[in-house]
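As a plain string of letters, each chain reads:
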2 protein chains.
Amino acid sequence: MSTIKSLTVLGSTGSIGRSTLDVVRANPEKFTVTALAAGRNIGLLKEQIEEFNPSYVSTLTTEDALALESEFKGRVKAGAGADGAVTAASIDGVDMVVSAITGAAGLMPTMAAIEAGKDIALANKESMVVAGSIIMDAASAAGVSILPVDSEHSALFQSLSGHRVADVRRVILTASGGPFFNAKDIDLDYVTPEQALNHPRWSMGKKVTIDSATLINKGLEVIEARWLFGFPAEKISVSIHPQSIVHSMVEYIDGSIISQMGTADMRGPIAYALGYPERLADSVAPLGLDGLSLEFFAPDTKRFPCLTLAYSALRVGGTGPAVLNAADEVAVEEFLGGNIRFTDIYRVIDSVLSGAIVREAATIEDVLDADNEARGKAREVIRTLRK
Amino acid sequence: MSTIKSLTVLGSTGSIGRSTLDVVRANPEKFTVTALAAGRNIGLLKEQIEEFNPSYVSTLTTEDALALESEFKGRVKAGAGADGAVTAASIDGVDMVVSAITGAAGLMPTMAAIEAGKDIALANKESMVVAGSIIMDAASAAGVSILPVDSEHSALFQSLSGHRVADVRRVILTASGGPFFNAKDIDLDYVTPEQALNHPRWSMGKKVTIDSATLINKGLEVIEARWLFGFPAEKISVSIHPQSIVHSMVEYIDGSIISQMGTADMRGPIAYALGYPERLADSVAPLGLDGLSLEFFAPDTKRFPCLTLAYSALRVGGTGPAVLNAADEVAVEEFLGGNIRFTDIYRVIDSVLSGAIVREAATIEDVLDADNEARGKAREVIRTLRK
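What counts, and at which threshold
Residues numbered from 1 in each chain as written. Chains lettered and ligands numbered in written order. Predicted model: local features only at pLDDT ≥ 70, side-chain atom pairs only at ≥ 80, totals over all residues. Heavy atoms only, no water. Core = buried A, V, L, I, M, F, W, Y, C linked by side-chain atoms within 4.5 Å. Buried < 20%, exposed > 50% of the residue type's maximum accessible area, 1.4 Å probe, protein only. Contact = heavy atoms within 4.5 Å. Helix = DSSP H or I, 4+ residues; strand = E, 2+ residues; numbered from the N terminus. Least-squares fit on C-alpha atoms with pLDDT ≥ 70 in both. Salt bridge = Lys/Arg side-chain N within 4 Å of Asp/Glu carboxyl O.

## Observations concerning the nonpolar core
As a rule of thumb, soluble globular proteins bury nonpolar side chains together. Membership of the largest hydrophobic core comes to 210 residues, with the highest contact counts inside it found for L324(A), L274(B) and L324(B). Ignoring any residue separated from it by four or fewer positions in sequence, one finds L274(B) in contact with K5(B), L7(B), T20(B), V23(B), V24(B), F31(B), M96(B), V98(B) and A121(B). Counting 34 residues, the second-largest nonpolar core is a separate cluster that includes L21(A), V76(A), M266(A) and L280(A).

## Some points on unusual backbone geometry
What you tend to see is this: most non-glycine residues have negative phi, and most peptide bonds are trans. Residues and elements named next belong to chain A. Of note, the amide linkage connecting Y276 to P277 takes the cis form, showing an omega dihedral of 5 degrees. Counting through the fold element by element, P277 comes out in the loop between α11 (267–275) and β12 (293–295). A positive phi angle is found at S244, which is not glycine, with a value near 50 degrees. Mapped onto the elements, S244 comes out in the loop between β9 (236–240) and β10 (246–252).

## What about helix α5 (residues 107–115) of chain A?
Residue and element names in this part refer to chain A. With respect to burial, α5 is a largely interior element, 7 of its 9 residues being buried. L107, P109, T110, M111, A112, A113 and I114 are the residues of α5 that are buried. Following α5 by one or two positions, G117 adopts a phi angle in the positive range, close to 80 degrees.

## Focus on the relation of the copies chain B and chain A
The transform that puts chain B on chain A rotates by 180 degrees and translates by 0.0 Å along the axis, for an RMSD of 0.0 Å. On this basis, the relationship between the two copies can be described by a two-fold rotation axis. Of every C-alpha in chain B, the one belonging to G162(B) sits nearest the axis of rotation, 1.8 Å from it.

## Considerations on the pattern of salt bridges
All names here are of chain B. With the rule as written, the count across this model stands at 49 salt bridges over all chains. In this structure, D344 and R347 form a salt bridge, with 2.6 Å as the shortest nitrogen-oxygen distance. Note that D344 and R347 are positioned in helix α14 (residues 344–355) at a spacing of 3 residues, about one turn of the helix. With relative accessibility at 9%, the residue D344 sits in the buried group.

So, in structure tokens, the structure goes:
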């Protein structure tokens, strides 16, 4: 690759966004940053503007955008909110958009980027969960590539590469098991947000860390894998692998398993997506094999029933996954706010999902309506729990 | 693949040969057997003739060949010795030759098969060790594919497929460690052939089982990998993996490792080579992941110095690997015969290799001369040991 790839980073001040900019910093001859979209962390965004010189930035509020435009007069244009993120995602001259805004909020800018013909490095798994078929159809129509940034999906992508899809028996997503996998004596009814945020292997954002603790994160990844790779639910399984070294595996019909492993560091899958089809040297520290022990266990779906809910939502289809995702987002926020118990996250999602009228997910409006409705329902359920 | 692949199996009554015929038996719509070459196990060869109906067979002795021709009159033609094996390897109508005669004796028929334009499923690693560059040049000139049957090289082949060779940092051959890896209190000076033949993971022929116990087998595989995949010695490393589940790995420049794993069963890599580019369903039993623990250790080259000798032979180049291999074949035979100690195997190879005049390996004659000379030297060394 002799040409420089121009990037938009959506969610630049979040965990994935910062790691993305680490990769850019390490490979200045390969990448340039044209646009950044952030939220409220304006201090960090200013540093990123100084270092990477984007021509456009987007913030959550209009006040922040105006203040940045005046501070970086003549250097940076700024927008705000959903419109700002969409502008950053579809701006001229960008080759690839790193979609790393957490939650359903990442959906519209991801769609805008696809429609503008940008390749996508997709960290925002919620887009795929709520609108997988719509996104894949749009990407196919626009002729753009979607490269997974989740370590698991990057591992599947790498383990499928060079092999016949017809020969796949199943894909196996690995899961660390989260902070409570080995703490079998802990009563999950009484764990605090601090305990749940203490992930043993990965340093990630809060939402995804809680989702790892409930295992629904793995369920969302099952749904994401369904759309990214086109395998039905029964060909996607989950294995608990506490060391987080094997990032996922593909089992073929002959009994062979191809896997991708490496040091647990998000810069690995980010660099793979950014550099594809080339690999970028030293994206993560080399894996020391000597003395390594890699273990695998079946998931405990009795203790972590959210995983089963995700499979149910995938089997129901239509707006089912959007409902699952919306209920989870609300429930996690309320758990982090200290308003509901850890185990209530399951109760909220289960209640919303089983009461939902699932519709066809033909348009973005369909899924956004379902999302909205599910959030309302989730808040209602939470009110009954708090009484 | 709608057409049937026609096979010659060289070494049909050995361990790999029998497993090859298991694969053929399980996939009668995909393969037919045109020729078989065996040694002295005429009883089993007769059964194989009955079941697979080859039109040509080869045996070690002319008496056996004549007896078979008269017993299977009109059904089977038979030849004997090196000529018979070469005829079986180059017979008309055969698409692929499974080269599974143990030792340097496999070299001439493998070359004959290549020159006759047959694809090769290569289990005879000694051919590659003694004449790797000659074989690869001949294969390239004849436009034939060489598909590895060793589980390690099959794993490397599968882990390289779909990825850029320029991105490879190193390949990592896994080794079970053999029967003495965990028996650190055993004095290797006093182990018996029976102890050394008791391999913990793989059921294989005697020669390769002893070679596994000394670790020289892994050294021969390092040399084989050098020629099959074109990587220099410093890009080929070895990791002890006692479970024999991960069959080998490729580390890429970004820090990613792609590996192939599966149940330890030679029918896996055999079926992969025979079916390539398709996989054959259920070649090995599915790997049960739940409860699995995979460990990796650095090789103990102090206790198992034969591995280091193989790297030396590879670095010396030319006829060095042929000398290494010949000295090992003689030493293993004498160890199995109770004439030298287990640790003498190293002493014999080291002494022959360090005293050898290494020449260019430009022709098959060059390597056969070196092989011959090294065998003579090995017997001399053994005579001094036995005094």
